[in-house]
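Structural overview
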Amino acid sequence: MGAGNIRHQLRCCEDVPNWKRKRRASNQSRDEGATGDMSAYVYEVNCCEWQTDSWVKPFVGLLFFSLLWTSSVAVCLRLFTIGGSTAQWYFAPSGTTAFKGTVKRSLSHGLKSQFGTICFGGLIMSIVDMVRNMFEKAQREHRNNA
């Protein structure tokens, strides 16, 4: 990122003076024995205004959605690993006592051959969660306005 990128973000109004001095409405003036504090003066700075480019809002929305999707994938992978370990224990032949490595096997299976399915499940969960949150927010606003 160079200084050119910053210049595009911070657009200055050069025709407006840097400081405008305004006198606050007061019954006393400084010459008539006022206390001399500077709170009687208000200073405005009108030199620059921060403006974002048009791509920023959609990018932030996409960033939020990808964060939600990533957390959903992590939750789905956790559920897949727990379910796989439980299934290996439950469907083991009778008399089996050595269940060493079931979590590692389930996690490996989830990260290798079933990762696409887990990501798709996370996508569906993210979309459903967003729609549910939108409806709940609309319901709360409707209750507050009524």
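The following refers to the structure shown.

About the cut-offs
Residues numbered from 1 in each chain as written. Predicted model: local features only at pLDDT ≥ 70, side-chain atom pairs only at ≥ 80, totals over all residues. Heavy atoms only, no water. Helix = DSSP H or I, 4+ residues; strand = E, 2+ residues; numbered from the N terminus. Buried < 20%, exposed > 50% of the residue type's maximum accessible area, 1.4 Å probe, protein only. Contact = heavy atoms within 4.5 Å. Axes fitted to C-alpha atoms, helices over the stretch in contact; angles between N-to-C directions. Parallel < 35°, antiparallel > 145°, perpendicular 65-115°, else oblique. Left-handed = near helix turned anticlockwise from the far one by under 90°. Nonpolar A, V, L, I, M, F, W, Y, C, P; charged D, E, K, R; others polar. Salt bridge = Lys/Arg side-chain N within 4 Å of Asp/Glu carboxyl O. Expected span 1.5 Å × (residues − 1).

So, the overall build of the protein chain
Scanning the protein chain for helices and strands turns up four helices and four strands. When the helices and strands of the protein chain are placed in sequence order, the string is α-β-β-β-β-α-α-α. Within the protein chain, buried positions represent 12% of all 146 residues. Nonlocal contacts in the protein chain, meaning residues at least 24 apart in sequence, comprise 66% of its contacts between residues at least 6 apart.

A few points about the packing of helix α2 (residues 56-90) against helix α3 (residues 102-111)
α3 packs onto α2 with a crossing angle of 130° between their chain directions and a minimal axis gap of 8 Å. Considering the angle they form, α2 stands oblique to α3. Between α2 and α3 lies a crossing whose hand is right-handed. Contacts from Leu77, Phe80, Thr81, Gly84, Ser85 and Gln88 of α2 reach α3 at Thr102, Val103, Arg105, Ser106, Leu107, His109, Gly110 and Leu111. Residue classes in the contact of α2 with α3 are distributed as five nonpolar, eight polar and one charged.

Side note on the environment of leucine 77
Assignment of secondary structure puts leucine 77 in helix α2. We classify leucine 77 as buried; its relative accessible area is 15%.

Quick look at the pattern of salt bridges
Evaluated as defined, the whole model comprises two salt bridges. For the salt bridge of arginine 132 with aspartate 129, the shortest nitrogen-to-oxygen distance reads 2.7 Å. Remark: aspartate 129 and arginine 132 occur in helix α4 (residues 115-145); sequence separation between them is three residues, near one turn of the helix. When its relative accessible area of 44% is taken as the criterion, arginine 132 is described as partly exposed. Among the salt bridges present, the one from arginine 132 reaches glutamate 136, with a minimum N-O distance of 3.8 Å. Of the two residues, arginine 132 and glutamate 136 are both situated in helix α4; the distance of four residues between them amounts to about one turn of the helix.

With respect to α4
Taking 1.5 Å of rise per residue, the 31 residues of α4 would be expected to cover 45 Å, and the 45 Å separating its terminal C-alpha atoms lies within 8% of that figure. For α4, the full list of buried residues reads Ile118, Cys119, Gly122 and Ser126. Contact partners of the buried residues in α4: α2 and α3.

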